[in-house]
Amino acid sequence: VDGKWRSIDGRLFYRQIVTASERYNRRVMEEVCTRLGLSVRQAAPSPGRRPVPEIAGIPEVLLRGMSTRDADIRARFEELLADFELRCGRSPNASQRMNLMARASRETRPSKKRARPLGELRVRWREMAVDLVGAYAVDHLLERAQQHADPGPVPEIEVEQEADGVVARVGEHRAVFGRRHVAAEAERYLARLMAGARAPTGLVESLTDRAVALCLDLTPP
C-alpha cells in the first residue's frame, strides 16, 4: 500500500514443505482411487525408508522397472550401509538409516533433463511399460487394478487411539519435534488407514491436535 516492493518470507513456507507434500500425496490418492474405483496398498519400503503407497494390482515387475531412480538409490544405500558397518562395527539405528538413505538420494540425484512435452513422455513411458509386461497387460492395466481394489467399508477412525500411534511414529525418528512434524505424520498415518478412501474433512487437524496434546511442550512463553 505504500508503493514499495517486498517479498514474502519463504522460510515459514519452507518449514512446512514436508507437511504440504504429504497432504498433496494423500489428496491425489483419494481423487485417483475415488474417480477410478481403485485402492492403495503399502509396498515394502526400501531399507531405511517408510512404506510407499502404491495402487493395488499394478504388477511388481512394472513398478520396479519404471522406478530406475529408486534402484539407483537402493544400490548407493547398500554401499553406504556397508561402509558404516565397517567403520562402526555395528548396524545403524533407525535415525542413522534414515540419514544414510537421504545421503544416497542426494548423491544419486541426476542432473536436470531437457524439458519434453507430456505427449512425448507418455509415448516413452508406454514403450518402457510394454517392454516390461507386454502390450496386453498395459492396455488392461486399469481393469486389473480395479479387480484388486478392496471394496470394504471406509474404516472408522478413533482419534484418541490413533493419536498414540502418530506420536509413537514421530518419536521413532525425532527426540524433539514441532507441530509440523506431527501433522506430516498424521497425513501419512491417515493415508495408510484409509487406503485411498476419502478422509472426512478436518480429520487430520483433529488427529494432529490430539497427538500434540499428548506431548510435552518445550516452547518457551
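Check the entry above for the structure.
Throughout this description, residue numbers start from 1 for each chain and increase along the sequence as written. Local features in this predicted model are restricted to residues whose pLDDT is 70 or higher, and side-chain atom pairs enter the listing and the counts only when it is 80 or higher, whereas totals over whole chains, interfaces and linings include all residues. Hydrogen atoms and water are omitted, and side-chain values are computed over all heavy atoms in the structure.

A.B. asks: Describe the side chain of Thr 208, and please don't skip the residues or the numbers.
C.D. replies: Only DSSP runs of H or I reaching four residues or more are called helices, and only runs of E reaching two or more are called strands; each is numbered from the N terminus. Mapped onto the elements of the fold, Thr 208 is located in helix α11 (residues 203-213). Residue exposure (1.4 Å probe, protein chains only): buried if accessible area is under 20% of the type maximum, exposed if over 50%, otherwise partly exposed. With a relative accessible area of 2%, Thr 208 lands in the buried category. Once residues lying within four places of it in the same chain are set aside, the contact partners of Thr 208 are Arg 179, Val 182, Ala 183 and Ala 186. Any two residues whose heavy atoms approach within 4.5 Å are treated as being in contact.

A.B. asks: Give me the lowdown on the packing of helix α9 (residues 159-173) against α11, citing residues and values where you can.
C.D. replies: Note on method: axes are straight lines fitted to C-alpha atoms, helices fitted across the in-contact stretch only, with angles between N-to-C directions ranging 0 to 180 degrees. Where α9 contacts α11, the axes come no closer than 8 Å and their chain directions differ by 70 degrees. Considering the angle they form, α9 stands roughly perpendicular to α11. Crossing hand, α9 versus α11: right-handed. Of α11, the residues touching α9 (which contributes Val 159, Glu 160, Glu 162, Ala 163, Val 166 and Val 167) are Leu 203, Ser 206, Leu 207, Arg 210 and Ala 211. Nonpolar residues are Ala, Val, Leu, Ile, Met, Phe, Trp, Tyr, Cys and Pro. Charged residues are Asp, Glu, Lys and Arg, and all others, Gly as well, are polar. Classifying every residue of the contact of α9 with α11 gives seven nonpolar, one polar and three charged. By definition in this entry, angles of less than 35 degrees are roughly parallel, angles greater than 145 are roughly antiparallel, angles of 65 to 115 are roughly perpendicular, and the rest are oblique. Definitions for this section: a left-handed crossing has its near helix turned counterclockwise from the far helix by less than a right angle. A right-handed crossing has that turn clockwise.

A.B. asks: Give me the lowdown on the nonpolar core, citing residues and values where you can.
C.D. replies: Throughout this description, the term nonpolar core refers to a set of buried Ala, Val, Leu, Ile, Met, Phe, Trp, Tyr and Cys residues connected via side-chain atoms within 4.5 Å. Grouped together as the largest cluster of nonpolar side chains are 14 residues, with contacts concentrated most on Ile 157, Val 166, Leu 190, Met 194, Leu 207 and Ala 211. Elements represented by at least two residues in this core include exactly α9, α10 (179-194) and α11. When sequence neighbours within four positions are dropped, the list of residues in contact with Ala 211 reads Ala 163, Val 166, Val 167 and Val 182. Ile 58, Leu 62, Leu 63 and Val 138 belong to the second largest nonpolar core, which has 11 residues in total.

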